[in-house]
Amino acid sequence: MSDQPQRGSGDPSEDPRQQADSSGTAHLPQETGDTPPAGAFEQQSGTQQQSGTQQQSGTQQQPHPANEAHAPRPDQATDPAATRQQPAPYGAYEQPGMGGAPGGQYPQIGAPHQQQGWYQQPMGAVPVQEHRPAKRNGLVATALVGALAIGLVGGGVGGFVGYRLGSSGAESQSTSLDQQQPARSASVAPKGSVQGVAEKVLPSVVQLQMQTAQGSGEGSGIVLSQDGYILTNAHVAEGAGQGRLTAMFHDNRTASVRVVGSDPKSDLAVVKADITGLTPAELGRSDDLPVGAPVVAIGSPFGLSGTVTSGIISAKDRPVRAGGQSGAQDSVLNALQTDAAINPGNSGGPLVDMDGRVVGINSAIYSPGSGEQEQGGSVGLGFAIPIDQAQRTAKELKDTGSATQTTLGVSIQSAPQGGAVVRQVVPNGPAQQAGIQNDELITKFDGRFIEDADALVASVRSHQPGQKVQVTVSGPNGAERTVDVVLAGQ
């Protein structure tokens, strides 16, 4: 479409409003692609088509002769709307706005506003026609309806586009913080999971707090009965006679605690709280516990009650002195080793299997670089008293207030080449009765190789008094022999 409206060929009249054929019949402008839909204008029968005239947004274009393309009509010069600045064509964006229209306005529908002698009215406005013949009132009304329809359609399209753009922008600005909180989890802990073990065992674990004139300390304990019997380490209950020992239970109840029996050599103690309605722990067994088996440690490290950590059984039959390297030889434990985090405050708490059964009593850790006045943290080397040994000792402590220790009846020391050298045989003891002599080297005990003196003590402590075992010894000349020994208690 050209920028200038053209007259049809052979059209002698220069009156843009109305032309007549030989019969005097008037012709109306023909609708084009820029006019409202067909049928919006009424046409009179017998009219001749006028080419080059156009209608847009309900406003009729006024054609001009070619020689008057750049000269405005005299009757339009007084119209202020004719001299206003023409808007840029649709698509020539000057400023960003809603729906992509300049200045936030919806785009106007129609041909570019560069044609001479007409301009486009705002959307939905009533077009003004001057010197319109009275008999064309029907055309004006129909054109007005068409303009309003186009305005509504254009406004709807622009509004929808603007809404979509605005909505997509709002969605892109949303974050995870704006999301709704999910429904409360109703899942049940799977059997054999750490969560399931914790739910079962936590009600049976106690935090023990010690207050003395020298200071305070804390540890953990295991509920043995509904009426307040608790198993813990001897070093946790130590000093209770000179201070106050208090138990804090899983349901936040507290009670004073007294010591029923303590055995420093096995590092075990049984205490009693004045309380009822407790949940006793379920005890397992440690003799058939394989290396690599998953375990869970529960206690109050550094006073943080109810702490749950998990790991595996790293090794078995580790000789560990209850008081560290400064402890006496008779306090050596035949311990389970675990990488489950154990820290100061875990002492006396349970080490449990994945069925929630107690397999050990957490007792010691190895923490390199920690001095006597320092509390080292876990480096993955924790040790627990096997429950098979702890159960037997705890029963004696509960029933009698004291415990017997299994003995071989010898005094020993570590040998440079490995094994334990017998320095003295106790008269009438198990070793003497079996024929073991001074200066002989014990290399094997009940099928277990003996690396040093602590390993022999730990092996003997892992057995019960009266149990019969085989012991392999070698004399000064290197000859080996194996003897049967019946262990005793003292």
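This text gives an overview of the structure that appears in the document. (Residues numbered from 1 in each chain as written. Predicted model: local features only at pLDDT ≥ 70, side-chain atom pairs only at ≥ 80, totals over all residues. Heavy atoms only, no water.)

**Observations regarding the overall build of the protein**
Across its full length, the protein carries six helices and 22 strands. Residues classed as buried in the protein amount to 42% of the 490 residues present. Long-range contacts, defined here as pairs at least 24 residues apart, represent 59% of the contacts in the protein between residues at least 6 apart. With an accessible surface of roughly 25,800 Å², the protein has 50% of that area assigned to carbon and sulfur atoms. (Helix = DSSP H or I, 4+ residues; strand = E, 2+ residues; numbered from the N terminus. Buried < 20%, exposed > 50% of the residue type's maximum accessible area, 1.4 Å probe, protein only. Contact = heavy atoms within 4.5 Å. Areas by Shrake-Rupley, 256 points an atom, 1.4 Å probe, with all protein chains shown as cover.)

**What to know about the pattern of salt bridges**
One pass over the structure, following the stated rule, counts twelve salt bridges. Between Asp287 and Arg285 there is a salt bridge, and its shortest N-O distance comes to 2.6 Å. In this structure, Arg285 engages Asp288 in a salt bridge whose closest nitrogen and oxygen atoms are separated by 3.9 Å. For Asp288, a relative accessible area of 51% translates into the label exposed. Overlapping salt bridges bring together Arg285, Asp287 and Asp288 as one network. (Salt bridge = Lys/Arg side-chain N within 4 Å of Asp/Glu carboxyl O.)

**Considering helix H4 (residues 387-400)**
With 14 residues, H4 should cover 20 Å at 1.5 Å per step; its first-to-last C-alpha distance of 19 Å lies within 8% of that length. Among all positions in H4, only Ile387, Gln389, Ala390, Arg392, Thr393, Ala394 and Leu397 are buried. One or two positions beyond H4, positive phi appears at Gly401, with a value near 85°. (Expected span 1.5 Å × (residues − 1).)

**Things to note about unusual backbone geometry**
Phi is positive for Phe302, close to 55°, though the residue is something other than glycine. Inspection of the secondary structure assignment puts Phe302 in the loop between strand S9 (294-299) and strand S10 (307-321). In this structure, Asp439 takes a positive phi of about 70° despite not being glycine.

**Details of the side chain of Thr309**
Mapping Thr309 onto the fold places it in strand S10. Engagement of the side chain of Thr309 in a polar contact is seen with the backbone oxygen of Ala341, the distance being 2.9 Å. When neighbours within four sequence positions are excluded, Thr309 is seen to be in contact with Val295, Val296, Ala297, Ala340 and Ala341. (Polar contact = N/O pair within 3.5 Å; in protein donor to acceptor, adjacent residues only side chain to side chain.)

**Concerning the packing of aromatic side chains**
A complete count under the given rule lists zero aromatic pairs for this structure. In this structure, Lys272 packs its charged tip against the face of Tyr229, placed 5.5 Å from the ring centre. (Phe/Tyr/Trp six-rings, centres within 6.5 Å; stacked < 30°, edge-to-face > 60°. Lys NZ or Arg CZ within 6 Å of the ring centre and 35° of its normal.)

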